[in-house]
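Single-letter residue listing:
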Amino acid sequence: IILSTLALSLRFTLITASMAPMVVNRSRWLRAFLAYCVTDENYALAVTRQKGTLQPGYLVGSWIPLYVAWVMGTAAGVLLGAQVPAEWLAPLTAVFPLVFLVLTVLLCSSIPLALVAVLGGVLSVIGAVYLPTGWNIVCAGLVASLVGLPLEQVLRRSGQA
């Protein structure tokens, strides 16, 4: 459980590393607070809103409703989870992957980004067969990200990016 949690949480290393150049001139306390406020969803919203810039107020403002919903959803799950009808379970479990699919599509605003996303998806599926739970996502994300920069440079030189 600990290794799976670590593996799944390592994606935030990639997320915050991509944000670092956008907040380099901000105070250490603000950077630490923004790192705490990052979720997959509001990161996708914040970085696609303004290409190459990050508005701290927007990131925090988009985090607050997510945090409130998370806390309230957790409380509702603890108090009411055992009473969820069995026929609701399949649709509820499908929501989480759909959210990530929508976020991926939103972030694929160029050919290189779309190719990196497809590569990451393919590597993740292959890795799911050979790696412990969660590590397929981290490894696929790292490899696809490392391929992304050279791919973007090649496509830019050929006039396709």
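Residues numbered from 1 in each chain as written. Predicted model: local features only at pLDDT ≥ 70, side-chain atom pairs only at ≥ 80, totals over all residues. Heavy atoms only, no water.

What about the packing of aromatic side chains?
The tally for this structure, following the rule as stated, stands at three aromatic pairs. For the pair Phe 33 and Trp 63, a centre-to-centre distance of 6.1 Å together with 80° between the ring planes defines the contact as edge-to-face. Placement of Phe 33 in helix 3 (residues 28–36) and of Trp 63 in helix 5 (residues 56–80) is noted, with a sequence separation of 30 residues between them. According to the relative accessible area criterion, Phe 33 is partly exposed, its value standing at 38%. For Trp 63, a relative accessible area of 11% translates into the label buried. Consider the rings of Tyr 36 and Trp 63, whose centres lie 5.7 Å apart with planes at 70°: the pair is edge-to-face. Residue Tyr 36 is located in helix 3, and its partner Trp 63 is located in helix 5; the two are separated by 27 residues in the primary sequence. Judged by its relative accessible area of 52%, Tyr 36 is exposed. One aromatic cluster is present, built from ring pairs that chain together Phe 33, Tyr 36, Trp 63 and Tyr 67. (Phe/Tyr/Trp six-rings, centres within 6.5 Å; stacked < 30°, edge-to-face > 60°. Helix = DSSP H or I, 4+ residues; strand = E, 2+ residues; numbered from the N terminus. Buried < 20%, exposed > 50% of the residue type's maximum accessible area, 1.4 Å probe, protein only.)

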